[in-house]
Amino acid sequence: MSRSAHPAGPRHADVLPEGHYAGPPADLNTLDPRVWSRTVGRNADGVVTVGGLDVTALAEEFGTPAYFLDEDDFRARCRAWKDAFGPEADVFYAGKAFLSLAIVRWLNEEGLNLDVCSGGELATALAAGMPAERIALHGNNKSTEEITRAVEAGVGRIVLDSFQEMVRVAHIAERLGKRQRVQIRVTVGVEAHTHEFIATAHEDQKFGIALAGGQAAEAVRRALKLDGLELIGIHSHIGSQIFDMAGFEVSARRVVQLLTEVRDEHGIELPEIDLGGGLGIAYTSDDDPREPHEIATALGEIVRRECESAGLRMPRLSVEPGRAIVGPTAFTLYEVGTVKELEGLRTYVSVDGGMSDNIRTALYDAEYSVALVSRTSDAEPMLSRVVGKHCESGDIVVRDAFLPADVAPGDLLAVPATGAYCRSMASNYNHSLRPPVVAVKDGAARVIVRRETEEDLLRLDVG
Ligand SMILES: Cc1ncc(COP(=O)(O)O)c(C=O)c1O
Ligand SMILES: N[C@@H](CCCC[NH3+])C(=O)O
C-alpha cells in the first residue's frame, strides 16, 4: 500500500476529531521541552538521548517496553516545589503517582514529605527510610491493619475520610496509648474542570465529608471529643490534571470558612490546611501547565487573604502534588511491531506494550504525544493511532498522533510524560509482564523497578 504524500496535506487529516489540533507540527523530529523531561535531546545521529544515554542502547540493555525516568529532572522538580512553597509550607509527594524505594530515598534527600494511600505504599515508604512523621496516610477505606501500622509507626498525620473511620482511628490510637495527629478530608462542592473519573470535590462521590449540610462541622465536633485524636487541620483535594486555579480558589475559601466556624464555635484555630494535589502537566504541546512558584504564590495569596478577612492566623499550608512532580520525568519506550494502513481512515502502529503499561488513554480518554526516537525522518507526517498488543480494541496508547510515514517495524517510539499513573496503574492483562523503570542520570542507567518475569506470574498461581 502506498505511503505517498496526501495531496491536501497530511494523510488522513480529514479524520482528525473536531476541536483537535489542526495539523501536524512543523517538524516531527523536534522534541517539545514542555512534554519531554529536561535531559532529553537528540544526538548527532538523530537518536534521542536521556541523561546522556541513547535510546537504542537503552532498549538493547533493558528491553522494551520500559519506562525511563530522568533522575535529575525528578530531583529538580522536587526542589522547585519545595523552594516555591518555602519553609512555611510542606510538600507531600503523592506516592500513588509512582512509588518505589529509590523514589522514597530521593524524596527524603530532597526534603519532601510523602502521602501514601495504602498499606503497600506505607510499607515502601518505611522500608526506604522515610521518617514516619513526614508521612501522611490517606484512603477512603483504610483497613484496621493499615491504621494500626500507621499509628504504631508514628505517621505525621492520618487524613480522616469518614465518621466511622474517625472512631476507628481514635480507638486504635487509644489502645496503643497514643494521640494520633489527624486532618479531616472535606468535599468542598467544587466541580473541577477535569475528567469526571478524576474529579473528587463534587458532593456525589466517595471521598471525604461534605461541607454542605454541616457534615464537616459535625466531624470537627466529634473529632475534638475523641481522646485518641489530635485534630490538626482540614484537607481538601479537588481532583487531578487541573490547569485552572479557580477550583483551588473556591476550595481554599471554603476550607478557611470552616476554620472560621471552628474558631467561632470551639474557640480554637486549627493550625493546618492541606489543599491536596491535582496540578496538571503537559501531555501534548497544547497543554500549558503552571510552574510551582506560580501555584505556590496563587495558593498562598488566596489562603492569606481569606484568613486576614476572617481574622485568623495564617495556618501552615501543605500540598500533595504527584503527577506534577513525576509525570514529566519519564517516557515509555516501545518497539514498533506492525504498521497497518487503513486506506482513507488512519494508520495503526502497533507497539510491544499497551493498556497494561498505560491504562490512562483507555480509562480517561487521556491524550499523549509520541515520537520516533531511534532515528530522525524527513518523511511526510502520517496521522497514526499508536496501539498496544492486547486483545482489546480499546487498547490505544496514543489516539491521534503524527508520525513520519516511513515508520516501520523495529523503530523505537517513545511516549513522553508517562511518569505518573502509568507504572503505578500497570496490570498483567493478557499475562503481560509489567515493564521495568530505569533511572537515568549522568550517563548511567540503573533499574529501580525490575521487569516482571514469567516466573513472577507463575508463582502467583498456586492451585
Ligand atoms: C488526596 C490526594 N492527594 C494528592 C493526589 C495527587 O494528585 P496529582 O497526582 O494529580 O497531583 C491525589 C490524587 O488525585 C489524591 O487523591
Ligand atoms: N490515576 C488518575 C488520577 C487519580 C489520582 C488519584 N486520586 C490519573 O491517571 O490521572
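Parameters at a glance
Residues numbered from 1 in each chain as written. Chains lettered and ligands numbered in written order. Predicted model: local features only at pLDDT ≥ 70, side-chain atom pairs only at ≥ 80, totals over all residues. Heavy atoms only, no water. UniProt positions renumbered as here; feature names shortened; annotations may be inferred. Helix = DSSP H or I, 4+ residues; strand = E, 2+ residues; numbered from the N terminus. Near = heavy atom within 4 Å. Polar contact = N/O pair within 3.5 Å; in protein donor to acceptor, adjacent residues only side chain to side chain. Areas by Shrake-Rupley, 256 points an atom, 1.4 Å probe, with all protein chains shown as cover. Nonpolar A, V, L, I, M, F, W, Y, C, P; charged D, E, K, R; others polar. Buried < 20%, exposed > 50% of the residue type's maximum accessible area, 1.4 Å probe, protein only. Contact = heavy atoms within 4.5 Å. Expected span 1.5 Å × (residues − 1). Pairing = 2+ DSSP bridges. Axes fitted to C-alpha atoms, helices over the stretch in contact; angles between N-to-C directions. Parallel < 35°, antiparallel > 145°, perpendicular 65-115°, else oblique. Left-handed = near helix turned anticlockwise from the far one by under 90°. Salt bridge = Lys/Arg side-chain N within 4 Å of Asp/Glu carboxyl O. Core = buried A, V, L, I, M, F, W, Y, C linked by side-chain atoms within 4.5 Å.

The name given to the chain in an unreviewed UniProt entry is Diaminopimelate decarboxylase, with Streptomyces nigrescens as the source organism. What the UniProt record of the chain gives under Cofactor (unreviewed entry) is the line "pyridoxal 5'-phosphate".

Q: Got a minute to help me understand unusual backbone geometry in this structure?
A: The phi torsion of most residues other than glycine is negative, and most of the peptide bonds are trans. Pro65 follows Thr64 through a cis peptide bond whose omega is -10 degrees. If you trace the backbone, Pro65 turns up in the loop between α1 (55–62) and β4 (66–70). We note that Asn430 has phi near 60 degrees; this positive angle belongs to a residue other than glycine. Within the secondary structure, Asn430 is located in the loop between β19 (412–416) and β20 (437–441).

Q: Sorry if this is basic, but what is going on with the site of ligand 1 here?
A: Around ligand 1, a shell composed of 15 residues is seen, among which His237, Ser240, Glu320, Arg323 and Tyr421 lie nearest. In this structure, Asp115 approaches ligand 1 through a side-chain N or O atom, which is 3.4 Å from a nitrogen atom. For ligand 1, whose accessible area on its own is 390 Å², the fraction buried by protein is 93%. Grouping the amino acids of the shell around ligand 1 by side-chain chemistry returns three nonpolar, seven polar and five charged.

Q: I keep staring at the UniProt feature "binding site: substrate" (unreviewed entry) in the chain and nothing clicks. Help me out?
A: The positions UniProt marks with the feature "binding site: substrate" (unreviewed entry) are Arg323, Arg360, Tyr364, Glu392 and Tyr421. Taking the farthest pair of C-alpha atoms as the criterion, the annotated set spanning 99 residues is dispersed, since that pair is 26.9 Å apart. Relative to the helices and strands, Glu392 is located in the loop between β17 (381–387) and β18 (396–404). Given the relative accessible area of 39%, Glu392 is considered partly exposed. Each residue touching Glu392, except ones within four places of it in the same chain, is listed here: Met355 and Tyr429.

Q: Please clarify how helix α8 (residues 246–266) should be interpreted in this entry.
A: Each full turn of the α-helix corresponds to 3.6 residues, which orients residues three or four apart in the same direction. When the terminal C-alpha atoms of α8 are compared, their 30 Å separation across 21 residues agrees well with the 30 Å that a helix rising 1.5 Å per residue should span. Within α8 the residues assigned to the buried category are Gly247, Phe248, Ser251, Ala252, Val255, Val256, Leu258, Leu259, Thr260 and Val262. Of the surrounding elements, those touching the buried residues of α8 are β9 (180–187), α7 (215–225), β11 (229–235), β12 (272–274) and α9 (292–310). Backbone geometry just after α8 places Gly267 at a positive phi near 75 degrees.

Q: Would you mind going over the sheet that holds strand β3 (residues 53–54) with me for this structure?
A: Backbone-to-backbone hydrogen bonds pair the strands of a sheet. The strands run either parallel or antiparallel. With antiparallel pairing, the three strands of this open sheet are ordered in space as β1-β2-β3. With partners counted over all chains shown, the strands left at the sheet margins are β1 (41–42) and β3, one partner each. Sheet analysis places β1 next to strand β2 (residues 48–50), joined by two bridges and oriented antiparallel. Bridge pairing in β2 links Gly41 to Thr49.

Q: Mind showing me how you'd approach the packing of helix α2 (residues 71–85) against helix α3 (residues 101–110) here?
A: If you want to describe how two helices pack, look at the angle between their axes and the distance between the axes. Interhelical geometry of α2 versus α3 gives an angle of 40 degrees and a closest axis separation of 10 Å. One finds that α2 runs oblique with respect to α3. Crossing hand, α2 versus α3: right-handed. Here Glu71, Phe74, Arg75, Cys78, Arg79 and Lys82 of α2 lie close against α3, whose contacting residues are Ile103, Trp106, Leu107, Glu109 and Glu110.

Q: Help me out: how do you make sense of the UniProt feature "modified residue: N6-(pyridoxal phosphate)lysine" (unreviewed entry) in the chain in this one?
A: When the UniProt feature table is mapped to this numbering, "modified residue: N6-(pyridoxal phosphate)lysine" (unreviewed entry) covers Lys96. Overall, Lys96 belongs to the partly exposed group, its relative accessible area being 28%. Not counting residues up to four positions away in its chain, the partners in contact with Lys96 are Asp115, Cys117, Glu121, Tyr421 and Ser424.

Q: Is there a simple way to explain the pattern of salt bridges in this structure?
A: Under the criterion given, the structure shown has 30 salt bridges. Of the charged contacts in the structure, one is a salt bridge between Glu265 and Arg221, with a shortest N-O distance of 2.6 Å. One end of the pair, Glu265, is in helix α8; the other, Arg221, is in helix α7, and 44 residues separate them in sequence. Under the relative-accessibility criterion, Glu265 is labelled partly exposed at 42%. On the basis of relative accessibility, which here comes to 28%, the residue Arg221 falls in the partly exposed class. For the salt bridge of Glu452 with Arg434, the shortest nitrogen-to-oxygen distance reads 2.7 Å.

Q: Quick question: what am I supposed to make of the environment of Ile325 here?
A: Take Ile325: it is sitting in helix α10 (residues 323–326). Sequence separation between Ile325 and Tyr93 is 232 residues; the distance between their C-alpha atoms is 7.6 Å. Ignoring any residue separated from it by four or fewer positions in sequence, one finds Ile325 in contact with Phe74, Arg77, Cys78, Trp81, Tyr93 and Leu112.

Q: Could you clarify how one ought to interpret the pairing of strand β5 (residues 89–94) in this entry?
A: Within a regular strand, the side chains alternate between the two sheet faces. Of all six residues in β5, six are buried, a share of seventy percent or more. The two faces of β5 match: Ala89, Val91 and Tyr93 on one face and Asp90, Phe92 and Ala94 on the other face are all buried. Sheet analysis places β5 next to strand β13 (residues 316–319), joined by three bridges and oriented parallel. Each bridged residue has a counterpart across the sheet, and for Asp90 the counterpart in β13 is Ser318. One ladder, built from three bridges, connects β5 with strand β6 (residues 113–116); its direction is parallel.

Q: What should I look at first to understand the nonpolar core in this one?
A: Nonpolar side chains in soluble globular proteins generally cluster together in the buried interior. Counting 110 residues, the largest nonpolar core has Phe74, Phe85, Tyr93, Ile158, Ile184 and Leu413 as its most contacted members. With residues up to four places along the chain from it excluded, the contact list for Phe74 reads Leu69, Tyr93, Ile103, Trp106, Leu107, Ile325, Val326 and Thr329. Listed in part, the 23 residues of the second largest apolar core include Val35, Phe331, Ala414 and Val440.

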